[in-house]
Structure formats: structure tokens, C-alpha cells
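# Residue-level structure breakdown
Now for the letters of each chain:
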Amino acid sequence: MTGFIFIVFSALCHSLWNVLLKRSSDKYAFNFFMHLVNLIFFTALFPVFFREYMYFDKGAVIYGLIGGTFFALYHLFISTAYRYSDVSSIYPITTSSPFFILIWATLFLGERLTFFGVSGIIFTVLGGIVLNGEKGSRIKPAKGTVFALLAAFSYSFGALADKGGVGGGNMIFYTYCLCFFMTSYLAVYSLRHRPFRKEFIMAEKKYFIIAGVIVFLSFTSYRYGLTFMEVSYAAALRQVNAVFALIIGVFVFKEAFSLSKLTGTLIIVIGIVLIRFGM
């Protein structure tokens with residue numbers, strides 16, 4: 001139950017920083033500053049609250065590098081996707097990532113899931129598809145949908161690195177390495193968008209500081225919860241963030257609400273319940 005609670009909490013945090021990212025006028029620069037604040041905050045807290053984890057672990061560095069690469073790609077793809085579509089449309093597409101993770105975890109990690117667990121994963125993916133559906137939409141995907149799917153695919157490989165990283169014994173150092181490499185990648189990419197513009201920093205600093213702290217809470221709570229369960233379950237369970245994102249998108253951004261979104265939300269909730277039974 002402990003892992004279940006921490007994963008759901010991380011899902012809430014995940015949806016909150018997505019909302020703050022969505023409202024930014026420059027999503028690439030905001031993404032960089034958000035992760036920079038996260039890294040600075042993490043660095044300040046490390047010797048105070050995580051002193052027992054302050055030892056070098058080569059495995060944590062390697063997994064952090066691999067995970068950081070794929071999660072940085074995830075952030076860049078999702079930032080691009082938000083340039084084309086709404087939070088409540090783009091964000092749920094990433095619920096397809098548990099489907100990829102289920103395949104990779106079975107092939108490479110040897111995870112064996114229960115019938116209820118697999119059914120729950122399938123329901124969360126199906127719910128995301130239904131939630132994203134629009135009446136009269138064409139088969140040809142929009143640009144936002146393509147980038148959201150690329151984000152989901154990248155996330156699935158990062159999830160495998162996550163499981164290896166947290167299973168090595170130094171979960172906090174792995175998470176710190178993950179944050180360091182992600183921030184480094186995003187810094188290099190964001191230079192194209194001149195992130196250090198004074199007007200941008202003054203206008204958005206309050207929001208990216210808040211978002212950075214939320215990212216820290218999301219990162220650490222998810223990796224801690226992952227130590228209690230299989231990555232297939234954890235990744236699927238975290239897709240409850242699609243429900244949080246939908247609620248925030250509708251009530252904060254005044255985005256349209258439809259029967260398909262309600263139906264998709266209910267299917268995701270059913271999937272979460274099935275996963276809980278299958279754990």
C-alpha cells in the first residue's frame with residue numbers, strides 16, 4: 001500500500017508541473033529552468049536529509065545517464081506537443097507508455113504480472129485513447145499527437161532505467177544523477193531559445209520555481225514508490241495523472257469537457273482499481 005500511495009502522489013505532482021509548463025510563453029526555456037530549480041533544491045537537501053546516500057555508485061551513474069537521456073527526450077517531445085494541443089488532449093496520450101513498458105519489462109526484466117494487473121494496464125491505455133478521442137477526428141494524427149506518442153515511447157525506455165536505478169541500493173543518488181543529466185541535456189537544447197532573457201525570467205520565475213519544487217516531489221516520491229512494486233504496475237498506476245490533468249485542464253484552463261473525456265476518465269479509474277487488486 002505504501003508504494004501505491006507514493007505513486008499516486010507523484011502522479012498528482014506530475015500533472016501540476018505539466019499545468020505550469022502549459023501556461024508558459026516559452027515551454028523549452030521553462031522546462032530547463034524548472035529542472036534547474038529541481039537540481040538546486042535537490043543539491044541543497046541532499047546533505048541534510050539524505051546523508052546516508054552520499055557515496056559513489058557507478059551503477060547509479062550509468063542508469064542515471066540512460067534514464068536522463070530518455071526522460072529528457074520525453075520532456076522535449078511533450079513541450080513540443082503542447083505547442084499544438086490542449087493539456088487535456090495531449091497529456092492522456094502518454095498513457096500509452098505502460099503498454100510499451102509492459103512489453104519491455106516482460107522481455108528484459110522478467111516481470112510476471114497477474115491477470116488483474118495486465119487487465120488494469122490495458123484499461124489505463126484504453127482510457128487514455130478514449131479520453132483523447134474527438135468526435136469526427138481523422139485517422140491522420142495531428143502534430144501534437146505525434147509528439148505526444150514520441151514522448152510516451154521515450155518514457156517507456158526511461159522507465160526501465162528507473163527500475164534498474166532504484167534497485168541498485170542507492171535510490172537517492174540514482175535520482176540525483178537522473179536529475180543532473182536531464183537538466184544538462186535540457187540546458188544544451190534550451191540555449192537555442194535564449195532562456196536567460198531577463199524579461200522571461202522576471203515574468204515566469206515564480207512559476208518555474210514552484211514547478212521545480214513540484215518536480216522534486218514528483219521524482220523522489222515516484223522512485224521511492226517504485227522500490228515497492230513492479231515497474232509495469234507503477235508506470236500504469238501513475239497514469240492516474242491523466243485524470244488530474246483533465247480536471248485541472250477543465251477547471252483552470254476552461255478547456256472543453258465531453259462525453260469521451262468522461263468515459264476515458266472512468267476507464268482509467270477502473271484500470272487503476274484492477275492494478276490495485278493485481279498487486
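Refer to the preceding data block for the structure.
In this report, the structure presented in the accompanying data block is examined. No experiment lies behind these values; they were computed from the predicted model shown.

## Re the packing of aromatic side chains
Under the criterion given, the structure shown has 23 aromatic pairs. Judged by centre distance (4.8 Å) and plane angle (70 degrees), the ring pair of Phe6 and Tyr224 falls under edge-to-face. Of this pair, Phe6 sits in helix H1 (residues 2-23) while Tyr224 is found in helix H9 (residues 198-226), placing the two residues 218 residues apart along the sequence. On the basis of an interplanar angle of 85 degrees and a centroid distance of 6.2 Å, the ring pair of Phe46 and Phe50 is categorised as edge-to-face. Side by side, Phe46 and Phe50 carry an identical accessibility label, which is buried. Among the aromatic residues, ring-to-ring pairing joins Phe30, Phe32, Phe33, Phe196, Phe200 and Phe208 into one connected group. Of note, Arg23 hangs over the ring of Tyr207, and the distance from its end group to the ring centre comes to 3.7 Å.

## Some points on the pattern of salt bridges
Enumeration over the complete set of coordinates arrives at four salt bridges. A salt bridge links Arg197 to Asp26; its shortest N-O distance comes to 3.2 Å. Here the residue Arg197 occupies a position in the loop between helix H8 (171-190) and H9, and Asp26 occupies one in the loop between H1 and helix H2 (27-49), the gap between them amounting to 171 residues. Each of the two residues, Arg197 as well as Asp26, counts as buried.

## A look at H8
Its 20 residues place the ends of H8 28 Å apart at the C-alpha level, agreeing with the 28 Å of an ideal helix rising 1.5 Å per residue. H8 sits mainly inside the fold: 14 of its 20 residues count as buried.

## Topic: a nonpolar patch on the surface
On the surface, Met1, Ile5, Phe6, Tyr224 and Phe228 cluster together to form a nonpolar patch covering roughly 490 Å² of accessible area. Structurally, the position occupied by Ile5 is in helix H1. Classification of Ile5 by relative accessible area gives partly exposed; the value is 49%.

## Digging into the environment of Leu36
Tracing the sequence through the fold places Leu36 in helix H2. Remark: the alpha-carbon pair of Leu36 and Ala187, spanning 151 residues in sequence, is separated by 8.5 Å.

## Description of the packing of H2 against H9
Contact geometry for H2 and H9: axes closest at 7 Å, N-to-C directions at 55 degrees. With respect to their mutual orientation, H2 and H9 come out oblique. Every pair of crossing elements has a handedness; the one defined by H2 and H9 is right-handed. A class-by-class count of the residues in the contact of H2 with H9 yields 18 nonpolar, four polar and one charged.

Basis of the calculations
- Residues numbered from 1 in each chain as written.
- Predicted model: local features only at pLDDT ≥ 70, side-chain atom pairs only at ≥ 80, totals over all residues.
- Heavy atoms only, no water.
- Phe/Tyr/Trp six-rings, centres within 6.5 Å; stacked < 30°, edge-to-face > 60°.
- Helix = DSSP H or I, 4+ residues; strand = E, 2+ residues; numbered from the N terminus.
- Buried < 20%, exposed > 50% of the residue type's maximum accessible area, 1.4 Å probe, protein only.
- Lys NZ or Arg CZ within 6 Å of the ring centre and 35° of its normal.
- Salt bridge = Lys/Arg side-chain N within 4 Å of Asp/Glu carboxyl O.
- Expected span 1.5 Å × (residues − 1).
- Patch = residues over 30% accessible without salt bridge, like charges linked within 9 Å, V, L, I, M, F, W, Y side chains within 5 Å.
- Areas by Shrake-Rupley, 256 points an atom, 1.4 Å probe, with all protein chains shown as cover.
- Axes fitted to C-alpha atoms, helices over the stretch in contact; angles between N-to-C directions.
- Parallel < 35°, antiparallel > 145°, perpendicular 65-115°, else oblique.
- Left-handed = near helix turned anticlockwise from the far one by under 90°.
- Nonpolar A, V, L, I, M, F, W, Y, C, P; charged D, E, K, R; others polar.

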